[in-house]
Amino acid sequence: MKTWGIILAILGGLNLIRALLTFAHDVNGAGALFCGIAFIVLGIYLIHRAGQKDEEKKDTWSEQ
């Protein structure tokens, strides 16, 4: 899950760069902008959730 989060965050960053470049050439890049933001948010969530699962796994083993 952490790997997919990193991949999505990188793809989101690339989409944001593409959107900024299309806006610089007076072309509508709103789809790329929103897609980039969505990928970054989803990637950060997956990275955060993977960290939470690791903490839960450590907690359950330390209790036993």
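Everything that follows concerns the structure shown earlier in this document.
This section reports on the structure supplied with the text.

Moving on, we come to the overall build of the protein. When its secondary structure is counted, the protein shows two helices and zero strands. A globule of 64 residues ought to have a C-alpha radius of gyration of about 11 Å, yet the protein, at 17 Å, is considerably larger. Partitioning the contacts of the protein with sequence separation of at least 6, the portion at a separation of at least 24 is 63%. Between the centroid of the 6 positive side chains of the protein and the centroid of its 6 negative side chains there is a distance of 6 Å.

This part is about the environment of L46. Here L46 is to be found in helix 2 (residues 30-63). When the C-alpha positions of L46 and I6 are compared, they lie 8.3 Å apart, and in sequence the two are 40 residues distant. Those residues within four positions of L46 in sequence are excluded, and the remaining contacts are M1, W4, G5 and L8.

The full count for this structure, using the stated rule, is one salt bridge. Between R49 and E56 there is a salt bridge, with its nearest N and O atoms 3.7 Å apart. Given the relative accessible area of 23%, R49 is considered partly exposed.

Calculation notes
Residues numbered from 1 in each chain as written. Predicted model: local features only at pLDDT ≥ 70, side-chain atom pairs only at ≥ 80, totals over all residues. Heavy atoms only, no water. Helix = DSSP H or I, 4+ residues; strand = E, 2+ residues; numbered from the N terminus. Rg over C-alpha atoms; globule rule 2.2 N^0.38 Å. Contact = heavy atoms within 4.5 Å. Lys, Arg positive; Asp, Glu negative; His and termini not counted. Charge placed at Lys NZ, Arg CZ, Asp CG, Glu CD. Salt bridge = Lys/Arg side-chain N within 4 Å of Asp/Glu carboxyl O. Buried < 20%, exposed > 50% of the residue type's maximum accessible area, 1.4 Å probe, protein only.

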